[in-house]
Structures are given as C-alpha cells and as structure tokens.
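Survey of secondary and tertiary structure
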Amino acid sequence: MPESHTDTGPASSGGRVTLSAHERAELFATVPPEPGAAKPDPVLVASNLTRTFGGLTAVDVAHLEIQRGGITGLIGPNGAGKTTLFNLLTGFDRPDSGTWSMDGTALGKLYPHQVARRGVVRTFQLTRALSKLTVLDNVRLGARAQRGEHMARALMPWTWRAQEREITARAREVLARFQLDAKADDLAGSLSGGQRKLLEMARALMTEPTVVMLDEPMAGVNPALTQNLLEHIKSLRDDGMTVVFVEHDMDVIRDISDWVVVMAQGTVIAESPPEALGDNQAVVDAYLGSHHDQALEFDEQGNPVGATAVLAERLEQAEIATLEAGGDLAEPEVTVDSALGRTPPESDEESRKS
Ligand SMILES: Nc1ncnc2c1ncn2[C@@H]1O[C@H](COP(=O)(O)OP(=O)(O)OP(=O)(O)O)[C@@H](O)[C@H]1O
Ligand SMILES: [Mg+2]
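Model, not experiment: these values are computed from the prediction.

**What about the sheet that holds strand 12 (residues 267-272)?**
- In space, the 6 strands of this open sheet follow the order 8-9-10-5-11-12, with mixed pairing throughout. This sheet does not close on itself; its edge strands, each paired only once, are strand 8 (120-122) and strand 12. Direction aside, neighbouring strands of the sheet carry axes that sit 20° apart on average.
- Bridge count between strand 9 (residues 211-215) and strand 10 (residues 242-246): 5 bridges; the pairing is parallel. Looking at strand 10, one finds that L214 is bridged to F245.

**Side note on unusual backbone geometry**
- One non-glycine residue, E208, lies in positive phi territory at about 50°.
- Position of E208 relative to the elements: it lies in the loop between helix 7 (193-205) and strand 9.
- The partly exposed category is assigned to E208, around which 18 C-beta atoms lie within 10 Å.
- Even without a glycine there, the phi angle at Q265 is positive, about 50°.
- Here Q265 shows up in the loop between strand 11 (259-264) and strand 12.

**Some details on the site of ligand 1**
- Neighbouring residues of ligand 1: 15 residues in total, closest A58, N78, K82, T83 and T84.
- Looking at the shell around ligand 1, the elements with two or more residues in it are strand 4 (56-67) and helix 2 (82-89).
- The greatest single-element share of the shell around ligand 1, amounting to 3 residues, is contributed by helix 2.
- Split into classes, the residues belonging to the shell around ligand 1 amount to 6 nonpolar, 7 polar and 2 charged.

**Some thoughts on the nonpolar core**
- In terms of nonpolar packing, the biggest core is built from 77 residues, with A202 and V262 touching the most fellow members.
- Not counting residues up to four positions away in its chain, the partners in contact with V262 are I75, G76, V268, I269, A270, V283 and Y287.

The rules behind these values
Residues numbered from 1 in each chain as written. Chains lettered and ligands numbered in written order. Predicted model: local features only at pLDDT ≥ 70, side-chain atom pairs only at ≥ 80, totals over all residues. Pairing = 2+ DSSP bridges. Helix = DSSP H or I, 4+ residues; strand = E, 2+ residues; numbered from the N terminus. Axes fitted to C-alpha atoms, helices over the stretch in contact; angles between N-to-C directions. Buried ≥ 20, exposed ≤ 12 C-beta atoms within 10 Å, placed from the backbone. Near = placed C-beta within 6 Å. Nonpolar A, V, L, I, M, F, W, Y, C, P; charged D, E, K, R; others polar. Core = buried A, V, L, I, M, F, W, Y, C linked by C-beta atoms within 7 Å. Contact = placed C-beta atoms within 7 Å.

Below you can see the structure in the form of structure tokens.
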C-alpha cells in the first residue's frame, strides 16, 4: 500500500499520498482514455461546470476527475478555458453552474483563502511577485495571501508574534527547498524569470497544500532552467502532492505528466496517457496540428516584454494598492481584469450567501 500522509492540517479531510512510478503507472492503466473518465482515487471532482462571458462559453466541463498523487497535464489551444477552469476551481471566479469538490467536500461558494485552507492552491500564468519586497517577505505573504489574514500587519515588524517567527522559519525552509535561500534578503525584482516562478511555487507551498495547480509555470523561464523547474515539480509529487499543470510545450507534457486532459473551446475533448496523445484525432485536430502562439511574451531572461510587461506592471501596482489599503491578495479584486481596467466578470454575491 502506498504510504499515506495527512499532514495537510485539520481542515483537510483527504490528504497526500506518495506513489511510486510503478504504482502510478498501474493506477492510470485502469483509466479509460476518454473525456470525463473516472479515476481510482480522485482528489478533485467537477461536474457540469460552466462559465460564460457574455456570449462566449469559456468553460463547459461535463465531468472531470483528478487522480490523487499524480501529475495531470492540462493542455489546449490559447483561449481553451484552462485558466478560467483554474480560477473556478480555486475560488477566484464564479461559475454559471456546476459543482466541484475535494475529497467529497464541496468547494463551491468558497473564497480563494478558504479553498487554500482545504488544501488546494494555485499559481498564476503571469507571476505575481512583488518586486519591491524581499524574496523572504514575498514567501511570508504567501502564507497569508492564501490564508486570508491581514497583510498590513505582516509588513509591520513591531506586530510580530511567535506565529510570525514560525512563518519566517517555514518561509526560509521553503526557500531552501527551491535553492532561493541565498536570495532571501534580495528584492524579488532582482530575480530572473525562472527564479520568480520558483518564488511563486514557494509562496503556494506555505499552506502545505494537497493539490497544487500550476498555470504555465514554464512560461518565460530560460530554457536552461526548465529542467530544474521540472524536477522541482516532480518533487512536489514525490512529497505526495497532487499536481495539475498547464503547459503548451508537448515535450514537457510528455516528460512530466502521468495523465493528460485536453481542453478546446471550454470543453474537455480528450483524456489520455501522455504517450497516446498523438493517436487521438480530436487532439491532433484541435491542438497538436494547429499553430498556437504563447499569449504572454518574455525575453531571454524571462522578463515580460511588450504588452506582457505592461500587464505585469499593472498587476503589481494593483497588488501594492490592495496591500497599502490593508487588503488581502486572496480577495478576488486584484485580477488581470482589474489591473487592465476591464469590466470584471459579474460577481455572484447572492449565490455565495445562499
Ligand atoms: N474575465 C474575462 N472576461 C471576458 N472573457 C474572458 C475573461 N477571462 C477569460 N475570457 C475568455 O474566455 C476564454 C478562455 O480563456 P482562458 O484564459 O481560460 O484560456 P486559456 O486556455 O487559459 O488560454 P491561454 O493558453 O492563452 O492561457 C477566452 O476566449 C478568453 O478570452
Ligand atoms: Mg491561460
């Protein structure tokens, strides 16, 4: 039997499980390669999840199960709905309909920090490091950003208590894991693109999650460092975490995934072991055969360029404004939409209260 861990805190009913490569292969061999396929031990289950923006259906997922203890790659062309699905599952956006749960506990109607407390955390397609704070403070804030505590206090050393010291100690541990400990006192803005991706993962790990959802963690990372980043992602799985991973590079997907979910136009069009993706005509037609651009642009050092740089700057300004007002980054106000001055998706306060 695989060793079970329940070190995800009392609020998490399920937990981590570390599976050997052999055990994972055996598990996934039992799963039929079809959309909505049932998994032997699903940690996340979503049903009839829909999200529309005006006339556009961004997500329309009939059924999706994520197997515990594995790395699930989520692929699909630009605009397929991958990020929107992440937003819904982690409480950063509200669906028009649908239910989703972790280990049988419904996650609908929860805010991001509540979802995080139950063990599901995510990173963002465009890295959200606060460049004018130190690397250590960024990670320390991670504990709160996904916990829903007050940020302003965290920035005022005179209010530190024992709990603060504990958070600092854990932040240093997490930084060491990603070989960022030597950079702890540097400003996050001085890090390379790849190091910022690691920093964001470090932030997410502060809540000791069960499920880690990574939205294009390789985007903007110097190719020389991608292997290192991949090893870090595999190490999350080795620690028993379940990883869901959005990536455009098929070589990366084949290297790292135990199972692949393919989205196009909001729906799951295929599920398959990575090595069988090319055999699936729907996948070839919708994805592999077509040319697709990276939506975000980065230079060789992983720094955002062009419109991506403008977006990154606005996101950071919006986050700083939220922090200065004593707000919480886990609240849905700081979004790509608000940073860009776009009309945010309709917030569904009524359904949250009911
Ligand atoms: N807040 C929003 N308002 C309006 N439309 C949106 C919003 N968010 C996403 N969309 C639209 O929903 C669709 C799905 O977008 P999403 O960002 O989820 O795709 P994606 O699969 O993550 O794409 P990419 O690979 O480019 O990151 C797109 O057509 C997008 O333009
Ligand atoms: Mg996306």
